[in-house]
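Observations on the three-dimensional arrangement
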Amino acid sequence: MRSFVFNGTDFGALTRAKVVSESALCVVPKTADVPGRAGAAVLDVSVPPKVVRLKVWLEPMAKLDVAQLVELRHKLGAALLACEGAELQYQDNYVYHDVLCTKAEVWDTLYEAGSCELEFTCFDPIAYSRAMRTETADTFEVRGTWPTWPIIELVADGSGAITVASADTTTAVTLTGDFTEGSIVFLDYEHETVFVDGVMSGGRIALTSDFSAMRPGMQRFTFEGVSCHGISFYERWV
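Now for a description of the structure that goes with this document. Model, not experiment: these values are computed from the prediction.

Quick notes on unusual backbone geometry
Unlike most non-glycine residues, Asp98 shows phi in positive territory, near 55°. Its place among the elements puts Asp98 in strand E8 (residues 94-104). Under the relative-accessibility criterion, Asp98 is labelled partly exposed at 38%. Notably, Asp197 is not glycine yet its phi reads approximately 50°, a positive angle. Locating Asp197 in the fold gives a position in the loop between strand E17 (193-196) and strand E18 (199-200).

Some details on the sheet that holds strand E20 (residues 226-233)
Taken together, the six strands give an open sheet; going across it, the order is E11-E20-E13-E16-E17-E18, and neighbouring strands pair in antiparallel fashion. The sheet is open, and its two edges are formed by strand E11 (133-135) and E18, each paired on a single side. In the sheet, strand E16 (residues 184-188) pairs with E17 via four bridges, with the strands oriented antiparallel. Note that in E17 the partner of Val185 across the bridge is Val196.

Points about the side chain of Ser3
Take Ser3: it is sitting in the segment before strand E1 (5-6). Looking at Ser3, the relative accessible area reads 4%, which means it is buried. Here Thr15 takes part through its side chain, which lies 2.7 Å from a polar atom of the side chain of Ser3. Residue contacts for Ser3: discarding those within four places in its chain leaves Phe11, Gly12, Thr15, Arg16, Ala17 and Tyr90.

What counts, and where the lines are drawn
Position numbers for residues count from 1 along each chain, tracking the sequence in the order it is written. In keeping with the predicted nature of the model, local features appear solely for residues at pLDDT of at least 70, side-chain atom pairs appear and are counted solely at 80 or more, and the whole-chain, interface and lining totals rest on all residues. As a convention, hydrogens and water are excluded, and side-chain values are obtained from all of the structure's heavy atoms. By definition, any uninterrupted DSSP run of H or I lasting at least four residues is a helix, any uninterrupted run of E lasting at least two residues is a strand, and each is numbered from the N terminus. Think of it in three bands: with a 1.4 Å probe and only protein chains considered, a residue is buried below 20% of the maximum accessible area for its type, exposed above 50%, and partly exposed in between. Strand pairing follows a simple DSSP-based rule, namely that at least 2 bridges must link the two strands. Within 3.5 Å is the distance limit for a polar contact, defined as a pair of N or O atoms, with the added protein rule that one can donate a hydrogen and the other accept it, and that residues adjacent in sequence qualify only through two side-chain atoms. Contacts are residue-level and defined by heavy atoms, with any inter-residue pair within 4.5 Å sufficient.

Next up, the structure:
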């Protein structure tokens, strides 16, 4: 792509950009003491934010005078001021979530319309596919290189409790109680929430339930108490 998209603003119509640097992702180990076991610790891991630096050239499609260029730079600067984490796309197939512009250099106006360097901090350093996929089969392949959280929409068949099991992770989510035939059920695995006909229904989640992420590769699901389903997710890359 010619430039980048940030916080809903496509900078490609006014600028050209190239990547100056990208911080490499790494796993940072952390340890925490285990309560009641002196000297024992458990290992936890985290992936620190990714930092991307872009060189940006102002290249409007029409000839502008000095005052118009100044006004345009102000508009571009305002578009970079996101008050909360926004989406950033600077490659054709990937989008980063929860991103802020954390540094913007002063415009260098020595040549033509000017240029500057921008720094973006991706607090979620994993790249997402541009569009969410939805699968209605029980078996399908998840591409990418990083686990992803599904959102599953179900239609109850009215036979009783609902169970969604994953053969890949040997885990299952069970919703207790009776369901009316045709009821719409949403399972948000990342946030471990359940909605039945638009009403939050966390009390139906069985204590043995495990909301697990899908790893890249073949997925095999089984369903009980369900007449049809759709599994939606973003593929993710490191």
